[in-house]
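One letter stands for each residue in the lines below.
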Amino acid sequence: MNQRVRTANRGDAHEELILEVKTRGELNLKVIDELTAVPGVETVNWVVESGETVG
């Protein structure tokens with residue numbers, strides 16, 4: 001699995017990191033469970049790239 005930080009935000013009470021994680025295949029709930037189990041992680045969103053450009 002490859003990953004990189006896309007955005008980092010820091011407030012007085014929290015930090016937010018948006019990571020791009022490249023996986024193989026379709027939605028994998030096990031990956032979401034593993035990411036959610038990391039201490040401090042509150043939310044995991046899975047976004048599938050379709051290759052389409054909006055604009």
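Residues numbered from 1 in each chain as written. Predicted model: local features only at pLDDT ≥ 70, side-chain atom pairs only at ≥ 80, totals over all residues. Heavy atoms only, no water.

Chemist: Summarise the environment of Leu-19; cite the residues concerned and give the values.
Modeler: Among the structural elements, Leu-19 can be located in strand β2 (residues 15-22). On the basis of relative accessibility, which here comes to 45%, the residue Leu-19 falls in the partly exposed class. In this structure the C-alpha to C-alpha distance between Leu-19 and Ala-8, which are eleven residues apart in sequence, comes to 8.8 Å. Filtering out sequence-adjacent residues up to four positions away, Leu-19 remains in contact with Arg-4, Val-5 and Arg-6. (Helix = DSSP H or I, 4+ residues; strand = E, 2+ residues; numbered from the N terminus. Buried < 20%, exposed > 50% of the residue type's maximum accessible area, 1.4 Å probe, protein only. Contact = heavy atoms within 4.5 Å.)

Chemist: I'd like a description of the pattern of salt bridges, backed by residues and values.
Modeler: The tally for this structure, following the rule as stated, stands at four salt bridges. A salt bridge links Glu-20 to Arg-4, with the nearest nitrogen and oxygen atoms 3.5 Å apart. Here Arg-4 lies in strand β1 (residues 2-10) and Glu-20 lies in strand β2, a separation of 16 residues in the sequence. Glu-20 gets classed as partly exposed once you look at its relative accessible area, which sits at 24%. Lys-30 is paired through a salt bridge with Glu-34; the nearest N and O atoms lie 3.9 Å apart. Linking Lys-30 with Glu-34, this pair stays in helix α1 (residues 29-36), spanning four residues, or about one helical turn. Taking relative accessible area as the criterion, Lys-30 reaches 57% and is therefore assigned exposed. By relative accessible area, Glu-34 is classed as partly exposed at 43%. Shared partners join several salt bridges into a network, and the residues in it are Arg-4, Arg-6 and Glu-20. (Salt bridge = Lys/Arg side-chain N within 4 Å of Asp/Glu carboxyl O.)

By themselves, these are just geometric observations and shouldn't be taken as functional.
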